[in-house]
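Now for the letters of each chain:
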Amino acid sequence: MASGTALIYDEEMTSHKLLWNDPICDIEVPERLSSSYEQLERYHLVERCVRVPAREASEEEILLVHSSEHLEVAKSTQAMNEEELKSVSGNYDAFFFHPSTYRCAKLAVGASLQLVDSVMSGKVCNGMALVRPPGHHSQRNAANGFCLFNNVAIAAKYAKRKYGLQRILIVDWDVHHGQGTQYIFEEDPSILYFSWHRYEHQEFWPSLKESDYDSIGLGRGKGRNINLPWNKVGMGNSDYLAAFFHVLLPVAFEFDPELVLVSSGYDSGIGDPEGQMDATPDVFAHLTHFLMQLANGKLCVILEGGYHLKSLAESVCMTVKTLLGDPVPQITGEMAPCLSAIESIQNVRAAHKPYWKCLMYEDASFLQNLSTKLQLLEKATTNPSAEHESKITSKDEVVKVEKFLEVHMKNILFPVPPIKTAATIESKASAHLLPLSVRGVKEMDKNEVKALVSAFYGDLVKQDETLLSLGSMLAVLDKILMKQACNGIAESPAASVSAAVALRHSVRFGFQRVLCIFVGDMEIIPNTEDGRILVIHVCEKQKSEKTNSKHYISLNWKEGAEGNDFFSAVFGFILPVAYSYQANLTIIAVGPNRSLGTNGISLLFGSLRGLAESRILAVIENTDINLMPTVAKALAGDSTPDFGVYAPPSQEKVHTIKLLRDQFQQEWKMLQCSGKSSLYLYYSYTYIFEMIKYS
Ligand code: Q9C
Ligand code: ZN
């Protein structure tokens with residue numbers, strides 16, 4: 001299977017620049033590229049990537065998307081003087097030509113195609129292209145919004161043609177709507193286009209009606225164009241993650257793309273003068289990590305916008321670091337999407353309901369109307385964006401964010417532990433099942449184990465076999481707790497005993513929040529009362545009498561026979577709860593009679609690697625040791641996962657998730673994605689109250 005990360009950068013693309021005064025275009029500077037690249041060098045990321053050269057795209061390749069008229073105009077600008085350049089530029093909304101623009105734009109397209117070739121040929125698994133000019137506003141017959149040729153759209157058409165692909169996902173996390181890309185693929189069912197963008201009820205550029213959530217695609221392309229408009233500035237990490245959990249990821253997994261392209265603008269990051277959003281660079285590590293779970297890891301990230309040089313550079317670095325398979329930093333701060341984000345998410349879910357099984361079976365919210373009324377009320381009573389407007393564009397603000405990022409990056413970046421996966425493999429039957437990335441550690445002494453365990457589960461450790469396996473598990477766990485290993489695997493004759501001991505031991509060690517996902521029969525249910533442990537128990541039917549509580553949740557799930565439908569539970573419930581909880585350590589245990597196949601289990605490991613700085617302890621019942629290679633591979637994270645065939649969830653499954661979400665969304669706020677919560681009840685009271693006040 002393919003491994004490695006391609007990096008494409010050609011200094012020549014910094015020669016395209018603005019030659020005259022234009023306050024609209026002056027943020028699209030050559031330093032965007034060079035300073036991002038320099039930061040990659042500083043983090044020693046460049047030397048870890050496979051360098052791939054850029055090339056010029058051919059005319060034929062550009063014509064895959066653009067008209068020959070457009071190509072000819074672009075070509076003609078090479079020999080123009082400044083006055084002529086200025087005049088042609090004036091024909092477009094927010095674009096500037098330089099004599100080198102045509103050459104740079106051909107390199108930007110060519111670099112994108114080189115990236116597609118590197119990934120599709122298996123030379124690398126994924127990669128990033130740092131390009132200028134950007135592409136997603138560019139249309140068949142027009143330059144627009146700093147974009148001349150639509151790099152990503154051409155890359156998608158090229159991949160379809162050259163590799164016969166039938167399903168490509170384009171994720172546009174730039175803060176602007178890639179209306180160019182939308183127009184190009186509107187009727188094309190083979191391209192799923194997702195874009196979130198600053199919209200403010202059509203106030204924000206490009207101020208188009210068709211950027212709203214109700215533009216869902218045309219003809220055979222219906223359901224394949226997903227717009228998530230942000231109606232307020234200041235959207236942050238939780239809003240972006242909620243958008244992924246509740247809109248993009250379930251639909252993307254149901255779509256099951258063969259290749260993922262990212263229109264990777266970082267103007268959606270903190271400090272950007274255009275976006276005015278609040279998301280920190282680390283969130284891009286998470287977004288990248290999630291997309292790496294699709295299409296067998298085939299992911300091409302292509303630069304679009306991003307105008308705060310430091311924010312841009314740090315976000316680019318987080319993206320590349322994640323593509324390389326490094327552990328993902330922990331997101332800090334309160335994890336709860338804001339009301340405006342929830343409204344947008346609810347609206348786009350409702351608009352796409354007819355086209356996706358994972359959305360179809362949800363009942364329509366009777367509060368849809370209320371939501372609209374609330375928006376109107378809000379518009380009438382407040383002017384939320386005005387207060388930010390002057391603030392962030394000032395020089396002071398740019399410097400302030402620079403300083404914030406200087407400190408923030410030091411806080412979130414951590415040394416990668418020397419061992420990736422720890423296991424006690426000496427003299428174990430399963431040793432031959434584990435790949436080379438797994439390193440052996442010495443077991444803990446029996447008496448030491450006794451002393452440790454007697455404090456909380458004394459009566460359990462009478463049997464020698466249990467004691468021995470606990471010794472192994474604790475040795476592995478200690479490696480993780482001491483940050484010598486990133487993750488680890490232990491086998492056990494009684495997974496629930498091992499998990500319970502591991503949980504208590506981690507808490508005693510000083511961990512504040514430990515998440516345990518237990519799959520299969522669980523003999524011992526750990527005490528979760530102090531809130532330092534959160535258990536999600538995945539089993540076919542709930543066997544214990546223990547009722548659900550904030551920190552003990554039973555998720556009844558049996559994986560479908562036709563394929564892997566567990567993704568809908570992972571994104572719809574497990575990840576939102578896990579991100580809300582902000583665990584410092586994750587324990588995934590597999591006991592007897594598991595109701596998930598190997599696909600579901602690898603997805604679980606793969607997705608939870610995004611949490612707790614990727615610290616995961618895997619505990620596997622020893623009757624199930626043939627699961628070890630799957631788990632070890634998923635933990636390694638640098639080999640591409642293979643989750644098999646996806647099946648959309650059944651109505652019953654969707655209902656199960658919905659019930660759990662309704663039950664827990666007050667406690668675990670990342671679950672919120674629709675109006676049916678007391679949050680809305682609260683707002684409806686406020687609304688009525690306001691109405692009385694104004695009448
Ligand atoms: N009043 C990209 O981020 N702003 N393009 C125009 C007109 C143009 C952004 C404002 C912003 C273009 C790739
Ligand atoms: Zn942008």
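Residues numbered from 1 in each chain as written. Chains lettered and ligands numbered in written order. Predicted model: local features only at pLDDT ≥ 70, side-chain atom pairs only at ≥ 80, totals over all residues. Heavy atoms only, no water.

Draft legend 1. A look at the packing of helix H8 (residues 237-255) against helix H9 (residues 281-291). Taken N-terminus to C-terminus, the directions of H8 and H9 make an angle of 15°; their axes are 10 Å apart at the nearest point. In terms of axis orientation, H8 runs roughly parallel to H9. Note on packing geometry: the crossing formed by H8 with H9 is right-handed. Taken together, the residues of H9 that come into contact with H8 (itself represented by Asn237, Tyr240, Leu241, Phe244, Phe245, Leu248 and Leu249) are Asp282, Val283, His286, Leu287, Phe290 and Leu291. Residues that form the contact of H8 with H9 fall into these classes: 10 nonpolar, 2 polar and 1 charged. (Axes fitted to C-alpha atoms, helices over the stretch in contact; angles between N-to-C directions. Helix = DSSP H or I, 4+ residues; strand = E, 2+ residues; numbered from the N terminus. Parallel < 35°, antiparallel > 145°, perpendicular 65-115°, else oblique. Left-handed = near helix turned anticlockwise from the far one by under 90°. Contact = heavy atoms within 4.5 Å. Nonpolar A, V, L, I, M, F, W, Y, C, P; charged D, E, K, R; others polar.)

Draft legend 2. Local environment of the pairing of strand S5 (residues 191-198). With respect to burial, S5 is a largely interior element, 8 of its 8 residues being buried. Burial along S5 is two-sided: the face carrying Ile191, Tyr193, Ser195 and His197 and the face carrying Leu192, Phe194, Trp196 and Arg198 are both buried. Across 5 bridges, strand S4 (residues 168-172) lies against S5 in parallel orientation. Across the sheet, the residue bridging to aspartate 172 is serine 195, located in S5. Read as a crossover between parallel neighbours, the route from S4 over helix H7 (residues 179-185) to S5 is right-handed. Sheet topology note: the S5/strand S6 (residues 225-230) ladder contains 6 bridges and is parallel. Its bridge partner lying in S6, serine 195 is registered against asparagine 227. (Buried < 20%, exposed > 50% of the residue type's maximum accessible area, 1.4 Å probe, protein only. Pairing = 2+ DSSP bridges. Right-handed = clockwise from strand over helix to strand, strands pointing away.)

Draft legend 3. Seen up close, helix H22 (residues 651-664). With 14 residues, H22 extends 20 Å from end C-alpha to end C-alpha; this agrees with the ideal 20 Å at 1.5 Å per step. Lys653, Val654, Ile657, Lys658, Leu660, Arg661 and Phe664 are the residues of H22 that are buried. For H22, the angular spread of the buried residues around the axis is 165°, confining them to a single face. Counted as exposed and oriented over 90 degrees from the buried face of H22: Gln651 and Glu652. Packed against the buried residues of H22 are H8, helix H11 (339-352), helix H12 (357-360), strand S14 (552-556) and helix H19 (567-581). (Expected span 1.5 Å × (residues − 1). Arc of directions from axis to C-beta.)

Draft legend 4. Representation of the site of ligand 1 within the structure. Residues in contact with ligand 1 amount to 14 residues; listed here are only the nearest, His137, Gly145, His176, Asp267 and Tyr307. Glycine 145 places a main-chain nitrogen or oxygen 3.0 Å from a nitrogen atom of ligand 1. Its free accessible area being 410 Å², ligand 1 has 84% of it covered by the protein chains. Classifying every residue of the shell around ligand 1 by side-chain character gives 6 nonpolar, 5 polar and 3 charged. (Near = heavy atom within 4 Å. Polar contact = N/O pair within 3.5 Å; in protein donor to acceptor, adjacent residues only side chain to side chain. Areas by Shrake-Rupley, 256 points an atom, 1.4 Å probe, with all protein chains shown as cover.)

Draft legend 5. Just the packing of aromatic side chains, in detail. Applying the stated criterion across every chain yields a total of 24 aromatic pairs. Consider the rings of tryptophan 173 and phenylalanine 284, whose centres lie 5.7 Å apart with planes at 55°: the pair is tilted. In this pair, tryptophan 173 sits in the loop between S4 and H7 while phenylalanine 284 sits in helix H9, placing the two residues 111 residues apart along the sequence. Both residues of the pair, tryptophan 173 and phenylalanine 284, count as buried. With 6.0 Å between their ring centres and 25° between their planes, tryptophan 230 and tyrosine 240 make a pair best called stacked. Taken together, the positions of tryptophan 230 in strand S6 and tyrosine 240 in helix H8 put the pair 10 residues apart, joining distant regions of the chain. Each member of the pair, tryptophan 230 together with tyrosine 240, is buried. (Phe/Tyr/Trp six-rings, centres within 6.5 Å; stacked < 30°, edge-to-face > 60°.)

Draft legend 6. Layout of empty space enclosed by the protein. In the structure shown here, the tally under the stated rule is 3 cavities of 30 Å³ or more. Lining the largest cavity are 15 residues, and of these Cys358, Ser568, Gly572, Ile657 and Arg661 lie nearest its centre. Here the lining of the largest cavity is composed, by residue class, of 8 nonpolar, 3 polar and 4 charged. (1 Å grid on protein atoms, 1.4 Å probe; cavity = no way out; pocket = protein on both sides within 12 Å on 5 of 7 lines; lining within 4 Å. Points joined across faces, edges and corners; volume = space filled by probe spheres on them.)

Draft legend 7. Geometry of the sheet that holds strand S8 (residues 299-303). Read from one edge of the open sheet, 8 strands run S2-S1-S3-S8-S7-S4-S5-S6, paired in parallel fashion. Of all the strands in the sheet, the pair left with one neighbour each is strand S2 (50-51) and S6. Judged from the 5 bridges that link them, S4 and strand S7 (residues 259-264) form a sheet pairing that is parallel. Residue isoleucine 168 lies in a different strand from S7, and its bridge partner there is leucine 259. Sitting on the sheet, helix H1 (residues 31-42) touches strand S1 (5-9), S2, strand S3 (126-130) and S8, and the angle it makes with S1 is about 140°.

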